[in-house]
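Here is what each chain is made of, one letter per residue.
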Amino acid sequence: MNNRLAEIIKYKTGGRQIEFAELMGWSASYTNKLLRGEAFGLRPVVSVIEKCPEINARWFLTGEGRMLSDGKLSEIRKSMHDRMSRVLDMEKYLLVMTPAELREFELAVTGQNPADFSPETIARWDGQLKAHNEDLEAKFTAANDKPNEICRQRKAKP
């Protein structure tokens, strides 16, 4: 059970035992005892299950199943899909982002920051992207018209 407690600590606090002890209302030395397998009774089990409702109690007690409850896994999946959708929606603006905005976007993609840009920024990007696409379309049209122009030119006399 102490190994499963260690996994919970990694999940909840990134492995920071003192932070987890504070979260649980335990002393650091009590947490260390539990991690060594000492004094592991019903009280710490109930505390973890009460303060961390996303932890699957069956898994914590027996090791069967997954650490997180199905509801928590669904919540994580939904959050992940929402985040990925926001990031993918913004990918089209890469061409018109400033270097600072690109860095902010990079931090969002790597999960270090949320992908939240103001509506004004997105409106500015939309305008820049529209102008960029119109410019590309004009260049494409001009390039397509070149062969027609060349074909219409008079041939040189021998």
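Cut-offs used in this document
- Residues numbered from 1 in each chain as written.
- Predicted model: local features only at pLDDT ≥ 70, side-chain atom pairs only at ≥ 80, totals over all residues.
- Heavy atoms only, no water.
- Helix = DSSP H or I, 4+ residues; strand = E, 2+ residues; numbered from the N terminus.
- Rg over C-alpha atoms; globule rule 2.2 N^0.38 Å.
- Buried < 20%, exposed > 50% of the residue type's maximum accessible area, 1.4 Å probe, protein only.
- Contact = heavy atoms within 4.5 Å.
- Areas by Shrake-Rupley, 256 points an atom, 1.4 Å probe, with all protein chains shown as cover.
- Lys, Arg positive; Asp, Glu negative; His and termini not counted.
- Charge placed at Lys NZ, Arg CZ, Asp CG, Glu CD.
- Polar contact = N/O pair within 3.5 Å; in protein donor to acceptor, adjacent residues only side chain to side chain.

Glancing now at the overall build of the protein chain. Along the protein chain, the regular secondary structure elements total 8 helices and 0 strands. In the protein chain, the order of α-helices and β-strands from amino to carboxyl end is α-α-α-α-α-α-α-α. For 158 residues, the compact-globule formula gives about 15 Å, and the C-alpha radius of gyration of the protein chain, at 29 Å, lies well above that figure. Taking all 158 residues of the protein chain together, the buried fraction comes to 25%. Counting only contacts in the protein chain whose residues sit at least 6 apart along the sequence, the fraction spanning at least 24 positions is 48%. Here the protein chain displays about 11200 Å² of accessible surface, and carbon together with sulfur accounts for 54% of that area. In the protein chain, 25 positive and 23 negative side-chain charges are present, and the distance between their average locations comes to 4 Å.

Moving on: the side chain of Glu 101. Topologically, Glu 101 is positioned in helix 7 (residues 99–109). On the accessibility criterion, Glu 101 (10% relative accessible area) is buried. Reaching out from Glu 101, the side chain makes a polar contact with the side chain of Arg 124 at a distance of 2.2 Å. Filtering out sequence-adjacent residues up to four positions away, Glu 101 remains in contact with Val 96, Phe 117, Thr 121, Arg 124 and Trp 125.

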